[in-house]
Amino acid sequence: ADAATSGPEQVSLKMTSTLMVYSALFMRFAYTVQPRNPLLLACHAFNEVAQMNQFRRGYEYQVKRREETGEELEVELPTLGAVA
């Protein structure tokens, strides 16, 4: 979903949260690799902020829809192998 043209109903919270974790991991990689790669770090930092905005849009939409309809939230965050 594109933040400029698509509505928040298109946002998959599960995929967006996965992309947030991915960008965070690669920001760390770009910082720790020798020689450091500041361009890669900047690209993933920008992507992290964009994904956080998408997550916010999707979450606010789901909360609003839940209040209006009484439906459950469709939030399934990745567990990264943890047992819930």
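Okay, so let's go over this structure. Given the structure is predicted, the values throughout are model-derived calculations rather than measurements. (Residues numbered from 1 in each chain as written. Predicted model: local features only at pLDDT ≥ 70, side-chain atom pairs only at ≥ 80, totals over all residues. Heavy atoms only, no water.)

**Structural notes on the side chain of Glu 48**
Part 1 of the argument: For Glu 48, the position within the fold is in helix H2 (residues 38-69).
Part 2 of the argument: Among buried charged residues, Glu 48 stands out as having no salt bridge; its nearest opposite-charge side chain is Arg 28, 13 Å away. (Helix = DSSP H or I, 4+ residues; strand = E, 2+ residues; numbered from the N terminus. Buried < 20%, exposed > 50% of the residue type's maximum accessible area, 1.4 Å probe, protein only. Lys, Arg positive; Asp, Glu negative; His and termini not counted. Salt bridge = Lys/Arg side-chain N within 4 Å of Asp/Glu carboxyl O.)

**Considerations on the environment of Gln 51**
Part 1 of the argument: Here Gln 51 lies in helix H2.
Part 2 of the argument: Gln 51 gets classed as buried once you look at its relative accessible area, which sits at 13%.
Part 3 of the argument: Along the chain, Gln 51 and Thr 18 lie 33 residues apart, while their C-alpha atoms are 9.4 Å from each other.
Part 4 of the argument: Those residues in contact with Gln 51, other than ones at most four positions away along the chain, are Thr 16, Leu 19 and Met 20. (Contact = heavy atoms within 4.5 Å.)

**Some words on the environment of Gln 62**
Part 1 of the argument: Relative to the helices and strands, Gln 62 resides in helix H2.
Part 2 of the argument: In this structure, the C-alpha to C-alpha distance between Gln 62 and Leu 13, residues 49 residues apart in sequence, is 9.7 Å.

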